[in-house]
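If you want the building blocks of each chain, they are given just below.
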Amino acid sequence: MRLLIVEDEPKTANYLRKGLSENRFIVDVAVDGEEGILLAESYQYDLIILDVMLPKMNGWSILSLLRNKNIMAPVLFLTARDSIEDRVLGLELGADDYLVKPFAFSELLARIRAILRRGQVSQTELLIIADLQVDLLRHKAQRGKDRFELTPKEFALLSLLARRKGEVVSRTIIAEQVWDMNFDSNTNVVDVAVRRLRSKVDDPFDKKLIHTIRGVGYVMEDRDAI
Ligand code: CA
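Before going into details, it helps to say that this report is about the structure given with it. (Residues numbered from 1 in each chain as written. Predicted model: local features only at pLDDT ≥ 70, side-chain atom pairs only at ≥ 80, totals over all residues. Heavy atoms only, no water.)

1. What to know about the overall build of the protein
Working step 1: When helices and strands are tallied, the protein shows eight helices and 12 strands.
Working step 2: Across the 226 residues that make up the protein, the buried fraction comes to 45%.
Working step 3: In the protein, once contacts between residues fewer than 6 apart in sequence are set aside, the share between residues at least 24 apart is 55%.
Working step 4: When the accessible surface of the protein is totalled, it reaches about 12100 Å², and 50% of it is carbon and sulfur. (Helix = DSSP H or I, 4+ residues; strand = E, 2+ residues; numbered from the N terminus. Buried < 20%, exposed > 50% of the residue type's maximum accessible area, 1.4 Å probe, protein only. Contact = heavy atoms within 4.5 Å. Areas by Shrake-Rupley, 256 points an atom, 1.4 Å probe, with all protein chains shown as cover.)

What follows is the structure, given as structure tokens:
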């Protein structure tokens, strides 16, 4: 397991490096965001530990930049600031956990192990089709850097199509799985919902991912990759 620590205080960084190495983690330390991002682009980390208060770029900016670069390693924040807003902001940005300084090393280790256990699940819960990413665990979807605002039904529809990438999904299946109802051929609720989803997921982009199979249903695929 390889971990990246971004921490500017040498004392804390050394303490973390030593403790985590003793627990058989491979540990890299960066002293600021620029170095951290460079390392995160070069190695596949299982977890990134981010100090919030850093020179030049704070931990939250680093997290946003990492996610924009599609670096999806789980992130644990270390923060000296314990206000609710800080935690909410961190978690909204996609942090997996946070720890308030000063903390006991045993607690850090327990949190890291918990995230790594979850992290293994969440990796398989990330569906990727061309530049589309559907994060089933966090209920988020984006193409490139553009994150979509989707209603729960739209997200359910998108994840159904993405899970069955390359398979034609009939209107009947969509109606059953997304609306939990039997398909009534007189309603065009599925088509309307697909049109709405397309307006967000496909229309703004050159590459279309949702394709209509006339009289049957829909298929999601990257046709350039076939
Ligand atoms: Ca600091």
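Don't stop here, the text continues.
2. Considerations on unusual backbone geometry
Working step 1: The omega torsion of the bond from Lys101 to Pro102 falls at -5°, within 30 degrees of zero and hence cis.
Working step 2: Mapping Pro102 onto the fold places it in the loop between β5 (97-100) and α5 (105-124).
Working step 3: Unlike most non-glycine residues, Lys56 shows phi in positive territory, near 70°.
Working step 4: Mapped onto the elements of the fold, Lys56 is located in the loop between β3 (47-51) and α3 (59-68).

3. Overview of the coordination of the calcium ion
Working step 1: For the calcium ion, the full set of protein donor atoms is Asp8 (OD), Asp51 (OD) and Met53 (O), at a range of 2.2 to 2.3 Å.
Working step 2: The sequence pattern formed by the donor residues of the calcium ion is D-x42-D-x1-M. With Asp8 in the loop between β1 (2-6) and α1 (10-22) and Met53 in the loop between β3 and α3, the pair connects residues that are 45 residues apart, well separated along the chain.
Working step 3: Using a relative accessible area of 30% as the deciding quantity, one classes Asp8 as partly exposed. (Donors = N, O, S within 2.8 Å, 3.2 Å for Na, K, Ca; no water.)

4. Focus on the packing of helix α2 (residues 33-42) against α3
Angle between the axes and distance between the axes are the two parameters that describe a pair of packed helices.
Working step 1: The geometry of α2 relative to α3 is characterised by a closest axis approach of 10 Å and an angle of 25° between their N-to-C directions. One finds that α2 runs roughly parallel with respect to α3. The chirality of how α2 crosses α3 is right-handed. Contacts between α2 and α3 involve Gly33, Ile37 and Ala40 from the former and Ile62, Leu65 and Leu66 from the latter. (Axes fitted to C-alpha atoms, helices over the stretch in contact; angles between N-to-C directions. Parallel < 35°, antiparallel > 145°, perpendicular 65-115°, else oblique. Left-handed = near helix turned anticlockwise from the far one by under 90°.)

5. Remarks on the nonpolar core
Working step 1: One finds Leu132, Val134, Leu157, Leu158, Leu161, Ile174 and Met220 to be the most contacted residues of the largest nonpolar core, which totals 27 residues.
Working step 2: For this core, the secondary structure elements donating two or more residues are β6 (126-129), β7 (132-135), α6 (152-163), α7 (171-179), α8 (189-201) and β12 (217-220).
Working step 3: Excluding anything up to four places from it in sequence, Leu132 contacts Leu127, Gln142, Arg143, Phe148, Leu158, Val201, Leu209 and Met220.
Working step 4: One finds Ala40, Ile48, Ala73 and Ala95 within the second-largest nonpolar core, a separate group that totals 21 residues. (Core = buried A, V, L, I, M, F, W, Y, C linked by side-chain atoms within 4.5 Å.)

6. Regarding the pairing of strand β4 (residues 75-79)
Working step 1: Across the five residues that make up β4, a large majority, five, are buried.
Working step 2: Where burial is concerned, the two faces of β4 agree: the one with Val75, Phe77 and Thr79 and the one with Leu76 and Leu78 are both buried.
Working step 3: Both β3 and β4 contribute to a ladder of four bridges, which runs parallel. The partner of Asp51 across the bridge, within β4, is Leu78.
Working step 4: What joins β3 to β4 is α3, and the crossover it makes is right-handed.
Working step 5: Judged from the four bridges that link them, β4 and β5 form a sheet pairing that is parallel. Counterpart to Leu76 in the pairing with β5 is Asp97. (Pairing = 2+ DSSP bridges. Right-handed = clockwise from strand over helix to strand, strands pointing away.)

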